[in-house]
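# Examination of the molecular architecture
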Amino acid sequence: MKIADLSSRGRRPQLRHRAQIAIDLVNEKGGVGGKTKIAPVAADSQSKPDVAINEAERLISQEKIDIINGVYASSHAVPLAAKVEQQKKILWITTAVSTAVFKDKNLQYVFRAQIHSDQYGQAFASFLAEHAQGKLGMDPKDVKVALIHEDGPYGVGVAAADEAYAKQAGIQVVLREGYSASAPDLSVLVTKIKRAKADVISHAGYNPDITLFLRQARESGLRFKMLFGAGAGYSQLDKLRATFGADIDNFCNIDPVPAQLLDPAKLAPGIGDLTNAMVTRYKAKTGATEVPPHCSMGFNQTWVLLNNVLPVAKEKYGSFDPEAIRKAALDVDIPAGGTIQGYGVKFFPPGTPLSGQNERSTPVVMQNAGERISVVWPTNIRTQDPVFPLPKGSTYGA
């Protein structure tokens, strides 16, 4: 059977490996259910929403594809979800996080086991509320936060959730500012943050705009107690380190956890071995020394589709057509600890506000220092006590 892998291959060539590793592992055991081999069809969105939509239309009409797997950017996922839903084909989102993809859309054929952007806000506010007094010596209500974001669905969704949950926790939001991800200058934004005297920054951005912001922040002498990234460009640590080196040490990043950071003893039997296989193959394919969160996201969601959905579609509902797959997806019931990223999978059913979204997905707060990444929140699964605030001597430290 054919499955399309739609990703931004030109600008992010590493994305193609995530789904392919899952497909290879399944095909080496005979295919789906040990019987049906997967034939992947590659498609490149070129990081452009209109190209992504055109590719989806081509895949459906010309390649006769029933399942489109992938999608990195939320700005692509929002229109793609509507387009694929209209055609009654399956869109299986692996990476894009915007809550707006599903919120009040009552989607029937679009599914996402990945987290959604509202959860970034929950994690951000919860971390600050939990650690403000003990780490900063400040009551949470005295902590001033600046929320900055690219102005697409991803950034807007994260910032809205940050603001809502921060206010719910009594944390001061002193600035919320969006900008174009292709903006050539962010110095005015840096100045606004300085004037707001923010203690903490939450930044939802991609790679070029993050690089521009951090460079101009450094040049202007912007100081803060902590910066929280929200996945996307902040999960591309190899690129950030190549530009900023130790300057970004101890920044935090909220995202689904890279599977290799979890303790396999706390997961279902066999999950640790699956993680090891993914890591080994990713490094062999890319030559990378670090396996980013996006690898775990793409692999994990594809693995769930191939192993927990498609076999049920065939055995219980008689085929691999979209209707059978839709029914099988709604049957998925994976408990916590049952995937390589630690969370379980159960999709909200039709008629609910987030129909098609995984109700059991959870992010973590990670902190990086050199080549080491640690989980610092939730406290019950952390692998290190958080360094908070940034240490004295840090380039950006207040």
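Scope of this entry: the structure provided in the associated data block. Computed from a predicted model, the values in this text were never measured in an experiment.

## Details of the pattern of salt bridges
- This structure, assessed with the given rule, holds 18 salt bridges.
- Through salt bridges with shared partners, a single ionic network connects K2, E55, R58 and E63.

## Digging into the sheet that holds strand β9 (residues 226-229)
- Taken in spatial order, the seven strands of this open sheet run β7-β6-β8-β9-β10-β11-β12, and their pairing is mixed. Edge positions in the sheet fall to β7 (172-179) and β12 (372-377), since each has one partner strand and no second. Direction aside, the axes of adjacent strands within the sheet are offset by 25° on average.
- Looking at chain direction, strand β8 (residues 200-204) and β9 are connected through four bridges and run parallel. Each residue of the ladder has a partner; that of I201, found in β9, is L227.
- On the sheet, helix α6 (residues 187-196) packs against β6 (144-150), β7 and β8 and is oriented at approximately 175° with respect to β7.

## Quick word on the packing of helix α7 (residues 207-220) against helix α8 (residues 237-244)
- The contact between α7 and α8 brings their axes to 11 Å, and the two run at 30°. Overall, the two elements α7 and α8 adopt an arrangement that is roughly parallel. For the crossing formed where α7 meets α8, the hand is right-handed. Of α8, the residues touching α7 (which contributes N207, I210, T211, L214, R215 and R218) are K239, L240, T243 and F244.

## Concerning helix α3 (residues 74-87)
- With 14 residues, α3 ought to run about 20 Å at 1.5 Å a step, and its terminal C-alpha atoms sit 20 Å apart, in line with that.
- The largest bend along α3 measures about 30° and falls at L80.
- Regarding α3, the residues found buried are S74, H76, A77, L80, A81, V84 and E85.
- Contact partners of the buried residues in α3: β1 (2-7), α2 (49-61), β3 (67-70), β4 (90-93), β5 (110-112) and α5 (153-168).

## Points about empty space enclosed by the protein
- In this structure the tally under the stated criterion is four cavities of 30 Å³ or more.
- Each pocket or cavity is described by its volume, and for the largest cavity that value is around 90 Å³.
- Y72, T95, V97, Y154 and A232 are the residues nearest the centre of the largest cavity, which is lined by 14 residues in total.
- Residue classes in the lining of the largest cavity are distributed as nine nonpolar, four polar and one charged.
- Of the voids in this model, the second largest cavity is the one considered here, and its volume is about 60 Å³.
- Around the second largest cavity sit Y234, S235, L237, N253, P293, M366, Q367, N368 and I373, which together line it.
- When residues of the lining of the second largest cavity are assigned to their parent elements, the largest contribution, three residues, is made by strand β11 (residues 364-369).

What counts and what doesn't
- Residues numbered from 1 in each chain as written.
- Predicted model: local features only at pLDDT ≥ 70, side-chain atom pairs only at ≥ 80, totals over all residues.
- Heavy atoms only, no water.
- Salt bridge = Lys/Arg side-chain N within 4 Å of Asp/Glu carboxyl O.
- Pairing = 2+ DSSP bridges.
- Helix = DSSP H or I, 4+ residues; strand = E, 2+ residues; numbered from the N terminus.
- Axes fitted to C-alpha atoms, helices over the stretch in contact; angles between N-to-C directions.
- Contact = heavy atoms within 4.5 Å.
- Parallel < 35°, antiparallel > 145°, perpendicular 65-115°, else oblique.
- Left-handed = near helix turned anticlockwise from the far one by under 90°.
- Expected span 1.5 Å × (residues − 1).
- Bend = angle between axes of the 7 residues up to and from the residue.
- Buried < 20%, exposed > 50% of the residue type's maximum accessible area, 1.4 Å probe, protein only.
- 1 Å grid on protein atoms, 1.4 Å probe; cavity = no way out; pocket = protein on both sides within 12 Å on 5 of 7 lines; lining within 4 Å.
- Points joined across faces, edges and corners; volume = space filled by probe spheres on them.
- Nonpolar A, V, L, I, M, F, W, Y, C, P; charged D, E, K, R; others polar.

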